[in-house]
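What follows is the residue order along each chain.
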Amino acid sequence: MEPFKYLVGYPEHLLAKVRQLIEQGRLGTMLADRYAEPNMVRNDAQLYDYVQALKDRHLRKAVPLGKVLYDSKLQVMKHALGTHTAISRVHGGRLKASREIRIATVFRDAPADFLRMIVVHELAHMKEADHNKAFYQLCTHMEPDYHQLEFDLRLYLTHMELTRG
Ligand SMILES: [Zn+2]
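Since we're looking at a predicted model, the values are computed, not measured.

Rules used throughout
Residues numbered from 1 in each chain as written. Predicted model: local features only at pLDDT ≥ 70, side-chain atom pairs only at ≥ 80, totals over all residues. Core = buried A, V, L, I, M, F, W, Y, C linked by C-beta atoms within 7 Å. Buried ≥ 20, exposed ≤ 12 C-beta atoms within 10 Å, placed from the backbone. Helix = DSSP H or I, 4+ residues; strand = E, 2+ residues; numbered from the N terminus. Contact = placed C-beta atoms within 7 Å. pLDDT = per-residue confidence, 0-100.

Which residues make up the nonpolar core, and what values go with them?
Ranked by internal contacts, the top residues of the largest apolar core, which has 31 residues, are Phe114 and Val120. Among the secondary structure elements, those contributing two or more residues to this core are α2 (27–34), α3 (44–58), α4 (76–81), β2 (101–104), α5 (112–124), α6 (133–142) and α7 (146–163). A per-element tally of this core places α5 first, with 8 residues. Beyond its immediate chain neighbours, meaning those up to four positions away, Val120 contacts Leu54, Cys139, Met142, Glu143 and Tyr146.

Written out as structure tokens, the structure reads:
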């Protein structure tokens, strides 16, 4: 297993801190303390309403939403976030103005803040196909803490992988 696959591209001093947290067995409690609010969005109908509400608030003029669903086949790194260093084309085959939003099922059981982060990410893709500067400006417009949340989500995924089984 490659425990830091979620953190590719982040600077070494950050990775050293993460390594230390893991060695001291503190990563899980740190995340649980910081992200205590459980995700109450339990099914696709609730997810649709949740995404629609965020879209109404921030991207009212974008194309209307199509389908919105939790997808158990989606791999977070491959389809949702890409690696930190990837600049473009991580969403192979994605249409430029995709109306459909699929959220990896792992987010259903993750803390509420991480769902908001990934929904903001996917909504931003309604206007920007690539992970470029304009894309991240949209993300931080919708969620000022976007970068911290994305980093902590990567920590969360790392922790899940380390503690699985
Ligand atoms: Zn993306």
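Structure shown, so let's carry the discussion forward.
So, the confidence of the model for the protein chain: which residues are in play, and what are the values?
Summary statistics for the protein chain give a mean pLDDT of 85 and a share of 85% for residues scoring 70 or more. The model gives residues 83–90 a pLDDT under 50, and that stretch makes 17 contacts with residues more than four places away or in other chains. Low pLDDT, under 50, characterises residues 92–96; the stretch is placed with 2 contacts to residues that sit more than four places away or in other chains.

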